[in-house]
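Next come the chains, spelled out residue by residue.
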Amino acid sequence: MSEPSETRGPLTRLLTRLAMDADGNLRGMRLLAIAFVGGLVVALGTTIAIVVADAGNPATLTIWVVVAFLGVKLPLLGLLWWILGRHQRDDEPTDDELRLMLVRLESGTTAALRTPDAHDRLEILRDEAWFVSDHASGELKPQAVELALRLDELAHAAAPAHGAP
């Protein structure tokens, strides 16, 4: 997690423990169980409210709709909103990941040159090389820029001739 635990509130710490493991990965089965219990509460409560309303007290149905919305649906939507917000942060790739990307791009260049759509593939690889150069530091940055420029030249050379029959 990127935030130190002292700066997070008790609700955030509780939600983090509830929804995520120590590595920051979502606990899918636990979240599915929460959604199932929420749906079960709404379904059972609605059934009870309909039975009571049919017995002569229609105000019960109105009260249950408000309770279900405020007490069950809004908290579940809040949990979903919080989970989505937690996974929207931008994690910078590490130098090892960037180095692996450069190796993959080099081997992808060789493979792309042998395909009929080499121009399109080389342009995609060029864009990825520029991504690496934007996020790299040290000796990786010039390597990524050099690769991006070379891929640009190869893509132009592999471009189909316009106006050819």
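So, here is what we can say about the structure in this document.

Once that is clear, we can look at the overall build of the protein. Broken down by element type, the protein carries 6 helices and 0 strands. Walking the protein from its N terminus toward its C terminus, one meets helices and strands in the order α-α-α-α-α-α. Taking all 165 residues of the protein together, 25% fall into the buried category. Contacts in the protein between residues at least 24 apart in sequence constitute 56% of all its contacts with a sequence separation of at least 6. As displayed, the protein offers around 11,400 Å² of accessible surface, 64% of which is attributable to carbon and sulfur atoms.

On to the nonpolar core. By size, the foremost hydrophobic cluster in this structure holds 17 residues, and its most contacted members are L122 and V132. Looking at this core, the elements that each hand over two or more residues are α4 (95–113), α5 (118–135) and α6 (140–158). Looking at this core element by element, the count peaks at 6 residues for α6. In this structure L122 touches T109, A112, L113, L151, L154, A155 and A158, once residues within four positions along its chain are discounted. With 7 residues, the next largest nonpolar core counts M20, L31, W82 and I83 among its residues.

Looking at helix α1 (residues 10–19), one finds that the buried residues are L15, T16 and A19. Projection of α1 onto a plane perpendicular to its axis shows the buried side chains occupying an angular sector of 100°, all on one side. Relative to its buried face, α1 has exposed residues pointing more than 90 degrees away, namely P10 and R17. Looking at the buried positions of α1, the neighbouring elements they touch are α2 (28–54) and α3 (59–86).

The rules we used
- Residues numbered from 1 in each chain as written.
- Predicted model: local features only at pLDDT ≥ 70, side-chain atom pairs only at ≥ 80, totals over all residues.
- Heavy atoms only, no water.
- Helix = DSSP H or I, 4+ residues; strand = E, 2+ residues; numbered from the N terminus.
- Buried < 20%, exposed > 50% of the residue type's maximum accessible area, 1.4 Å probe, protein only.
- Contact = heavy atoms within 4.5 Å.
- Areas by Shrake-Rupley, 256 points an atom, 1.4 Å probe, with all protein chains shown as cover.
- Core = buried A, V, L, I, M, F, W, Y, C linked by side-chain atoms within 4.5 Å.
- Arc of directions from axis to C-beta.

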